[in-house]
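# Structure assessment
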Amino acid sequence: MSVVTMDKKAKLLRKTEHERRIVADMIALYCRKVHGSKELCDECRALAEYADRRTLACPQMEEKSFCSQCKTHCYRADMRERIREVMRFSGPRIVFYHPWAALRHLYYSKIRKS
Ligand SMILES: [Zn+2]
């Protein structure tokens, strides 16, 4: 395996981990504030697990920056509704926890699409 390929793989892995963490944090924040639960409630845990699986299974991770900007809608309709709710709530708030510029894209593209 060439060095270039290794580097690409490592980058991809970091990107995936990054996205997984943000999505998980957003759902946790949403649940804490909206559902008032200390731990993830059942509904949010199901959503978090679902979102995590989608991120891991994503065939477009290399090209896209975030699921919200992806052309492939791999989320099931009901899950998409729920994640959109979470984004709407947590998007503007999570930037204080994760001051990554990419988050702005995540947030705005989710809103605009709806
Ligand atoms: Zn919840």
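Note that the structure is a prediction, hence the values are computed from the model and not measured.

## Overview of the overall build of the protein chain
- In terms of regular secondary structure, the protein chain is built from 4 helices and 0 strands.
- Scanning the protein chain from its N terminus toward the C terminus, one meets helices and strands in the order α-α-α-α.
- Considering the protein chain as a whole, with its 114 residues, one finds that 22% of them fall into the buried category.

## Details of the environment of V34
- When you line up the elements, V34 lands in helix α1 (residues 3–35).
- C-alpha of V34 to C-alpha of F89: the two residues are 55 residues apart in sequence and 8.7 Å apart in space.

## Thoughts on the environment of R54
- With respect to the helices and strands, the residue R54 is situated in helix α2 (residues 42–57).
- Classification of R54 by C-beta neighbours within 10 Å gives partly exposed; the count is 17.
- Between the C-alpha atoms of R54 and C74, which are 20 residues apart in sequence, the distance is 7.2 Å.

## Regarding the packing of α2 against helix α3 (residues 77–94)
- Remark: α2 packs on α3, axes separated minimally by 11 Å, with the N-to-C direction vectors making an angle of 105 degrees. Taken together, α2 and α3 sit at an angle that is classed as roughly perpendicular. Across the interface between the two elements, L47, Y50 and A51 of α2 pack against M79, R82 and I83 of α3.
- Counted by class, the contact of α2 with α3 contains 5 nonpolar, no polar and 1 charged residues.

## Here's the deal with α3
- Compared with an ideal rise of 1.5 Å per residue, which puts 18 residues at 26 Å, α3 spans 24 Å between its outermost C-alpha atoms and is within 8% of the ideal.
- The sharpest bend along α3 reaches about 30 degrees and sits at R88, with the proline P92 one to four residues further on.
- For α3, the set of buried residues is R82, I83, V86, M87, S90, G91 and I94.

## Some details on the nonpolar core
- M26, I27, Y30, C44, L47, A51 and V86 are the most contacted members of the largest nonpolar core, which has 14 residues in total.
- Looking at this core, the elements that each hand over two or more residues are α1, α2 and α3.
- Looking at which element gives the most residues to this core, the answer is α1, with 6 residues.
- Each residue touching Y30, except ones within four places of it in the same chain, is listed here: C44, V86, F89 and S90.

## What to know about the confidence of the model for the protein chain
- Predicted confidence across the protein chain gives a mean pLDDT of 80, with 70% of residues reaching 70 or more.
- Helix α4 (residues 102–113) is the least confidently modelled element of the protein chain, averaging 56 in pLDDT, while α2 averages 94, the highest of any element.

## Some words on α2
- When the terminal C-alpha atoms of α2 are compared, their 22 Å separation across 16 residues agrees well with the 22 Å that a helix rising 1.5 Å per residue should span.
- The complete set of buried residues in α2 reads C44, L47, A48, A51 and T55. Viewed end-on, α2 has its buried residues packed into an arc of 100 degrees, placing them on one side of the element. Opposite the buried face of α2, by more than 90 degrees, sit the exposed residues D42, R53, L56 and A57.

Cut-offs applied
Residues numbered from 1 in each chain as written. Predicted model: local features only at pLDDT ≥ 70, side-chain atom pairs only at ≥ 80, totals over all residues. Helix = DSSP H or I, 4+ residues; strand = E, 2+ residues; numbered from the N terminus. Buried ≥ 20, exposed ≤ 12 C-beta atoms within 10 Å, placed from the backbone. Axes fitted to C-alpha atoms, helices over the stretch in contact; angles between N-to-C directions. Parallel < 35°, antiparallel > 145°, perpendicular 65-115°, else oblique. Contact = placed C-beta atoms within 7 Å. Nonpolar A, V, L, I, M, F, W, Y, C, P; charged D, E, K, R; others polar. Expected span 1.5 Å × (residues − 1). Bend = angle between axes of the 7 residues up to and from the residue. Core = buried A, V, L, I, M, F, W, Y, C linked by C-beta atoms within 7 Å. pLDDT = per-residue confidence, 0-100. Arc of directions from axis to C-beta.

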